[in-house]
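As a plain string of letters, each chain reads:
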Amino acid sequence: MVTKTENLRKPEWLKIKLNTNENYTNLKKMMREKQLHTVCEEAKCPNIHECWAIRRTATFMILGSICTRACRFCAVQTGVPTELDWREPERVADSVVQMNLKHVVITAVARDDLKDGGAGVFAETVRAVRRKSPFTSIEVLPSDMGGIYEHLKTLMDARPDILNHNIETVRRLSDQVRARAKYERSLEFLRRAKEMHPDIPTKSSIMIGLGEEKEEIIEAMDDLRANQVNIITIGQYLQPSKRHLSVMKYWTPAEFNELKEIALSKGFDHCESGPLVRSSYHADEQVNSEKVQPRG
Ligand code: SF4
């Protein structure tokens, strides 16, 4: 275990291999040409070189690049968004076709400024991808949409293949780490999604290294299972800038393995757990574990 000291140094296992091959540059070019955003870039994901250059996967971030919330762990820009582009769903769908994706993850900034929380564009993006690429499985990763379940229903009725919503951290730290979002509300969001469409698997993610204890992580697993969540991902929190929360501990790869074993013993169908794991990391493999068939 590496715990917080004066100068907490990044351990060896978090060193990233850079790879800016042709796949990487082509994807970057395509995103600019189609005026699309990805969480890979906006959230400074440490896996971008692996995902873009080697796996050729990306997580689309729709509804603009400015978020109405200011979570203390997240590098996405905060402010007053101006974009609402009803042509965005088609551009995302065209990119999915161009990238020949078997699985796509679509997330969005929180749009608390919009009447429908962005659910209309989100649902239309699911439908556009389904139309243009019927064999691609679709995972959506929305915010809690302000806990307005009509908005969630709009999205669920578009029938994504996986509903992913992150609790982000353990119960005790939730109010310090997330802005506006509430731990209990996120659990309810996941439960309601399952009630609306019991056949659609649900998924959630936590970042660790923010000062939580192992028992609290296990409590979060129990809370998710109590709300019928099928898939969990666990990754190391990394501080995106000095303005963001400090890393309190670097959990070791062995500890991540142990957490994976615990998660599986709790009844999750799939657990991705490791220092560089992110909510959408290796998401295509989790689809296989859920035997998801695209609903085209
Ligand atoms: S893990 Fe997800 S967010 Fe990170 S680079 Fe890969 S696809 Fe993008």
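Residues numbered from 1 in each chain as written. Predicted model: local features only at pLDDT ≥ 70, side-chain atom pairs only at ≥ 80, totals over all residues.

Colleague: If you had to explain helix α6 (residues 149-156) to someone new, which residues and values would you point to?
Modeller: Listing the buried residues of α6 in full gives H151, L152, L155 and M156. Buried residues along α6 cover an arc of 135 degrees about the axis, so they all sit on one side. If you follow the buried residues of α6, they end up packed against α5 (119-132), β5 (137-141), β6 (162-164) and α8 (183-196). (Buried ≥ 20, exposed ≤ 12 C-beta atoms within 10 Å, placed from the backbone. Helix = DSSP H or I, 4+ residues; strand = E, 2+ residues; numbered from the N terminus. Arc of directions from axis to C-beta. Contact = placed C-beta atoms within 7 Å.)

Colleague: Break down unusual backbone geometry for me, with residues and values.
Modeller: Residues other than glycine seldom take positive phi values, yet M145 does so here, at roughly 50 degrees. Turning to its location among the elements, M145 is positioned in the loop between β5 and α6. Although it is not a glycine, R159 sits at a positive phi angle of roughly 60 degrees. Along the chain, R159 falls in the loop between α6 and β6.

Colleague: An account of the environment of M61 is requested, with residue identities and associated values reported.
Modeller: In this structure, M61 sits in strand β3 (residues 59-62). With 24 C-beta atoms counted inside 10 Å, the residue M61 sits in the buried group. A sequence separation of 114 residues divides M61 from D175, and the C-alpha atoms of the two residues are 24 Å apart. Contact partners of M61, with chain neighbours within four places excluded, come to H37, T38, V39, E42, T107, A108 and V109.

Colleague: Mind laying out the site of the ligand, listing which residues take part and the relevant values?
Modeller: Residues in contact with the ligand, as listed here, are V39, C40, C45, N47, I48, C51, T57, A58, T59, R278, S280 and Y281. Breaking the shell around the ligand down by element, the ones donating at least two residues are α2 (39-42) and α3 (48-55). Across the shell around the ligand, the residue classes tally to seven nonpolar, four polar and one charged. (Near = placed C-beta within 6 Å. Nonpolar A, V, L, I, M, F, W, Y, C, P; charged D, E, K, R; others polar.)

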